[in-house]
Amino acid sequence: MDGVLAFRRSRVPSAPRARSPLSRHAGRVAWIVTPVLLAGLGQVIVLKTGLLAGLAVPIDRGLLWRGKPVLGTRKTWRGVIVMTTLSALVASGQAVAARHSARLRALSPFDYDRTNPWLLGFTLGLGYCLAELPNSFVKRRLDIAPAGTTDKWARLQYLVDQSDSVAGCLVALRFFYKPSGLETSLAFSAGIALHVGVDQLMHAWGVKRRAYRPSIEIPSKLPTAGTGRLSRP
């Protein structure tokens, strides 16, 4: 009799463990950052292999302002197109997976019956790219090389370099989902950590180098130098 009862008890599934609030929030954050993370890794592969070279056109089209580049040659339309397209593709894949899995549907913070995943991913990728532009503009004014820092406040400058795009994604996210304070903190921290990791990967693979010559070496006696008007070098 005891053997029968033991057999029956072994066949009864145990109750699932309740997820802690922190674990639930962490799962949502992981879901949120996945499109931009995978798009960023895809961007690294594109840069490493030289794919889509025809799209590597500077956003500022080589224009100068006060004798210095507006954004620089590293901010290209290829980066914008790759980030927005891959983010949209990954977000769409997440939506398909969530519709076919109750567990993933519970993990996702988005209601895909009301949220267009393509638009969601595109907006996250666009927010990532747009948030980097003001920082690039300021660095060109201060003659700071892309991916570089000055001797003074170097750590702070590096932190800004790694966090501006993360902040842009969080702003874009609010058009589709309003994260809690805890989720925002987790997403911001995780986003910076992942961005630093991708940045180090780019340096390790030789995709990003610090051999850029600062714009101070551009001849200062250009026809429009100091006028504040846009010109070509």
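Residues numbered from 1 in each chain as written. Predicted model: local features only at pLDDT ≥ 70, side-chain atom pairs only at ≥ 80, totals over all residues. Heavy atoms only, no water.

Participant: Looking at this structure, how should I read the nonpolar core?
Facilitator: The nonpolar side chains of a soluble globular protein tend to be buried with one another. Ranked by internal contacts, the top residues of the largest apolar core, which has 22 residues, are V36, M83, F110, Y112, L124, Y128 and L173. Those elements that place two or more of their residues in this core are α2 (21–49), α3 (77–100), α5 (117–141) and α6 (154–173). Among all residues touching L173, those that are not within four sequence positions of it are I32, F110, L124 and P179. (Core = buried A, V, L, I, M, F, W, Y, C linked by side-chain atoms within 4.5 Å. Buried < 20%, exposed > 50% of the residue type's maximum accessible area, 1.4 Å probe, protein only. Helix = DSSP H or I, 4+ residues; strand = E, 2+ residues; numbered from the N terminus. Contact = heavy atoms within 4.5 Å.)

Participant: What should I look at first to understand the side chain of D164 in this one?
Facilitator: Inspection of the secondary structure assignment puts D164 in helix α6. No salt bridge is formed by the buried D164. Its closest oppositely charged neighbour is K75, at 6.5 Å. If we skip the residues at most four places from it in the chain, D164 touches A131, E132 and N135. (Lys, Arg positive; Asp, Glu negative; His and termini not counted. Salt bridge = Lys/Arg side-chain N within 4 Å of Asp/Glu carboxyl O.)

Participant: Mind showing me how you'd approach the pattern of salt bridges here?
Facilitator: In a structure, side chains of opposite charge can pair up when their charged atoms sit close to one another. This model, assessed by the stated rule, comprises five salt bridges. With a closest N to O distance of 3.1 Å, E132 and K75 form a salt bridge. Remark: K75 occurs in the loop between β2 (68–69) and α3 and E132 occurs in helix α5; sequence separation between them is 57 residues. Given the relative accessible area of 15%, E132 is considered buried. With a shortest N-O distance of 3.8 Å, D111 and R114 are connected by a salt bridge. Residue D111 is classed as partly exposed on the basis of its relative accessible area of 37%.

Participant: Please explain the packing of α3 against α5 as it appears in this structure.
Facilitator: The relative placement of two packed helices is expressed as an angle between their axes plus a distance between the axes. Closest axis-to-axis distance for the α3/α5 pair is 7 Å, and the angle between their directions is 145 degrees. Classified by chirality, the crossing of α5 by α3 is right-handed. Residues G79, V80, M83, T84, S87, A88, L89, A91, S92 and A95 of α3 pack against P117, W118, G121, F122, G125, L126, Y128 and C129 of α5. In terms of residue class, the contact of α3 with α5 is built from twelve nonpolar, six polar and no charged. (Axes fitted to C-alpha atoms, helices over the stretch in contact; angles between N-to-C directions. Left-handed = near helix turned anticlockwise from the far one by under 90°. Nonpolar A, V, L, I, M, F, W, Y, C, P; charged D, E, K, R; others polar.)

Participant: It is not clear to me how a nonpolar patch on the surface should be interpreted in this structure. Could you clarify?
Facilitator: Together, L51, L52, L55, V57, W77 and I81 give the surface a local cluster of nonpolar side chains, amounting to about 510 Å² of exposed area. By the element assignment, V57 lies in the loop between α2 and β1 (64–65). (Patch = residues over 30% accessible without salt bridge, like charges linked within 9 Å, V, L, I, M, F, W, Y side chains within 5 Å. Areas by Shrake-Rupley, 256 points an atom, 1.4 Å probe, with all protein chains shown as cover.)

Participant: When you look at the confidence of the model for the protein chain in this model, what are you seeing that I'm missing?
Facilitator: When pLDDT is low, close inspection of the predicted coordinates is not appropriate. Here the protein chain shows a mean pLDDT of 84. Residues at 70 or above account for 80%. Within the model, pLDDT remains below 50 along residues 4–18, and this stretch shows zero contacts once partners closer than five positions in the same chain are excluded. A low-confidence stretch, residues 210–227 (pLDDT under 50), is modelled with 25 contacts involving residues beyond four sequence positions or located in other chains. (pLDDT = per-residue confidence, 0-100.)

Participant: Before we go on, may I ask you to explain the state of the cysteines in this structure?
Facilitator: Simply put, the disulfide is a covalent bond whose two ends are the sulfur atoms of two cysteines. Considering all chains together, one arrives at zero disulfides under this definition. A disulfide-free cysteine, C129 has its sulfur positioned 8.4 Å from the sulfur of C169, the nearest such atom. Assessed through its relative accessible area of 12%, C169 is described here as buried. (Disulfide = S-S within 2.5 Å.)

Participant: Is there a simple way to explain α2 in this structure?
Facilitator: Residue pairs three or four apart in sequence face the same way in an α-helix, which turns once every 3.6 residues. Here α2 contains 29 residues, and its C-alpha end-to-end distance of 42 Å stays within 8% of the 42 Å for a straight helix at 1.5 Å per residue. Where α2 bends most, at T34, the angle is about 40 degrees, and the proline P35 comes one to four residues later. A positive backbone phi angle near 75 degrees is found at G50, which sits one or two residues after α2. (Expected span 1.5 Å × (residues − 1). Bend = angle between axes of the 7 residues up to and from the residue.)

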